[in-house]
Amino acid sequence: IQENDVLIVKTGSTYGKIGIVKKLPQEATINPQLLVLKDIKINPDYFYSVLKSHIIQTQVEREVIGSTIPTISETKIMSFKIAIPKNLAEINEIVNFTNDINLKFSMAISLKEQEIEKLKEYKSTLINSAVTGKIKVS
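So, here's what we can say about the structure. (Residues numbered from 1 in each chain as written. Predicted model: local features only at pLDDT ≥ 70, side-chain atom pairs only at ≥ 80, totals over all residues. Heavy atoms only, no water.)

Some points on unusual backbone geometry
So, point 1. One non-glycine residue with positive phi stands out, namely Asn4, at about 75°.
So, point 2. Considering the arrangement of structural elements, one finds Asn4 in the segment before strand 1 (6-9).
So, point 3. Despite not being glycine, Asp39 has its phi angle at roughly 50°, a positive value.
So, point 4. Secondary-structure assignment places Asp39 in the loop between strand 3 (34-37) and helix 1 (44-52). (Helix = DSSP H or I, 4+ residues; strand = E, 2+ residues; numbered from the N terminus.)

Some details on the side chain of Lys10
So, point 1. In this fold, Lys10 is placed in the loop between strand 1 and strand 2 (18-20).
So, point 2. Glu74 provides the closest opposite charge to the buried, salt-bridge-free Lys10, at an N-O distance of 4.4 Å.
So, point 3. Among all residues touching Lys10, those that are not within four sequence positions of it are Tyr15, Pro32, Gln33, Leu34, Leu35, Pro70, Thr71, Ile72, Glu74 and Ile77. (Buried < 20%, exposed > 50% of the residue type's maximum accessible area, 1.4 Å probe, protein only. Lys, Arg positive; Asp, Glu negative; His and termini not counted. Salt bridge = Lys/Arg side-chain N within 4 Å of Asp/Glu carboxyl O. Contact = heavy atoms within 4.5 Å.)

A short note on helix 1
One turn of an α-helix holds 3.6 residues; hence residues three or four places apart share an orientation.
So, point 1. Considered for burial, the residues of helix 1 that qualify are Pro44, Tyr46, Phe47, Tyr48, Val50 and Leu51.
So, point 2. Contacts made by the buried residues of helix 1 are with strand 1, strand 2, strand 3, helix 2 (54-63) and helix 4 (88-131).
So, point 3. Backbone nitrogen of Asp45 and a side-chain oxygen of the N-cap are separated by 2.8 Å at the start of helix 1; the cap is Asn43. (Polar contact = N/O pair within 3.5 Å; in protein donor to acceptor, adjacent residues only side chain to side chain.)

Digging into the pairing of strand 1
So, point 1. Going residue by residue along strand 1, you find Val6 and Ile8 tucked away on one face and Leu7 and Val9 tucked away on the opposite face as well.
So, point 2. Direction of pairing for strand 1 relative to strand 2: antiparallel, over a ladder of three bridges. Note on strand 2: the bridge partner recorded for Val6 is Ile20.
So, point 3. Pairing analysis gives four bridges linking strand 1 to strand 3, with the strands arranged antiparallel. Note that in strand 3 the partner of Ile8 across the bridge is Leu35. (Pairing = 2+ DSSP bridges.)

Treat this as a map of the structure, not an account of what it does.
Here's what the structure looks like:
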């Protein structure tokens, strides 16, 4: 695989999951249960975002077969229809917008995770103080 390749899980409990290769510090190969989309002719970040969209994931759900080991064929995946703006500026605007939103979500999630860790520490300190008699509990 190479940078900007898009990966799609074809088989197993995580079928339909999408990934994009952004940094590849060394050579890598993939599990045969993944489909690698290479040499993408449009902005790879746009393509990745579209594949993660509800519209494509709904198509995946409709086309998956198998109950014990769900799978979707490469042929089915390659037949999916996606919307591609004709104007490169529109694609770049969409990518910038989604990257900005994703960054904001990541920052919000990170802040909440930090708050959770602080609350866990506070809880642990309170329990320790109560058990050791440093504070009175009535």
